[in-house]
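# Architecture at a glance
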Amino acid sequence: MAERSPKTVPAWNTNSAARRKRDDRDDELDHEPTDGSAVPTGYTVVFSVGWVVRGAETGQDAINIAVSEVGKRVGSPGEQVHSVDISVQRIGCNSCGIGSDALLLVSETALVGLFLEVEVDAEDSESAELIARREVGPQLHNTPLTSVDITPTD
């Protein structure tokens, strides 16, 4: 079973124009509801993604390339997505208990297992998953997104 790694990499550029624009807009918004309607809450949606890397000579090269490529693609969050954190999946051995990165490297072609932790604004967990898929899915064309976990953020 794959486990989430404690190390995550934020996949957004803090200097990007889109991020500055969103931050400026957030400062102007009144976060108190005026009509008594439900306020969207935050959710963290975790997707499992298998990423193929070609031309990697070592396992660490494959991991670095995979995180970099995925980070470039999902680097600009949308209106309802706050951030996307990328971490490498860990696979544990049932008999000895030792874990390793989810990586298969053959003939300079690697398959790297990644987790994408997407923070979104949504009213419930089902809509959080749909929003996360809608925002991240088109950036990772022809890559299946398997939902692993959906939790409310504090």
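Residues numbered from 1 in each chain as written. Predicted model: local features only at pLDDT ≥ 70, side-chain atom pairs only at ≥ 80, totals over all residues. Heavy atoms only, no water.

### Examining the pattern of salt bridges
- On inspection of all chains with the given rule, the structure shows 3 salt bridges.
- Asp101 serves as the salt-bridge partner of Arg90, at 3.0 Å between the closest nitrogen and oxygen. With Arg90 in strand β5 (residues 90-92) and Asp101 in strand β6 (residues 99-101), the pair connects residues that are 11 residues apart, well separated along the chain.
- Residues Glu135 and Arg134 are paired through a salt bridge, measuring 3.8 Å at the closest nitrogen-oxygen approach. (Salt bridge = Lys/Arg side-chain N within 4 Å of Asp/Glu carboxyl O. Helix = DSSP H or I, 4+ residues; strand = E, 2+ residues; numbered from the N terminus.)

### Considerations on the nonpolar core
- Ranked by internal contacts, the top residues of the largest apolar core, which has 30 residues, are Leu114, Leu116 and Val120.
- Of the residues forming this core, the biggest block, 7 residues, is contributed by strand β8 (residues 109-122).
- If sequence neighbours within four positions are ignored, Val120 has contacts with Thr41, Gly42, Tyr43, Val45, Gln80, Val81, His82, Ala128, Ile131 and Ala132. (Core = buried A, V, L, I, M, F, W, Y, C linked by side-chain atoms within 4.5 Å. Buried < 20%, exposed > 50% of the residue type's maximum accessible area, 1.4 Å probe, protein only. Contact = heavy atoms within 4.5 Å.)

### Some words on the confidence of the model for the protein chain
- Scored by pLDDT, the protein chain comes out at a mean of 80, with 73% of its residues at no less than 70.
- Contacts from residues 11-36, a stretch scored under 50 in pLDDT, to residues over four places away or in other chains number 25 contacts. (pLDDT = per-residue confidence, 0-100.)

### Quick word on the pairing of β8
- The buried count for β8 comes to 10 of 14 residues, which makes it a mostly enclosed element.
- The pairing of strand β3 (residues 41-54) with β8 spans 14 bridges and is classified as antiparallel. Bridged to Phe47 within β8 is Leu116.
- Summarising the sheet, strand β4 (residues 81-88) and β8 pair through 7 bridges and their orientation is antiparallel. Residue Val81 lies in a different strand from β8, and its bridge partner there is Val120.
- Both strand β7 (residues 103-106) and β8 contribute to a ladder of 4 bridges, which runs antiparallel. Counted as the bridge partner of Leu103 is Val112 from β8.
- Between β7 and the antiparallel strand that follows it, β8, lie 2 residues; Ser107 among them carries a positive phi value of about 50 degrees. (Pairing = 2+ DSSP bridges.)

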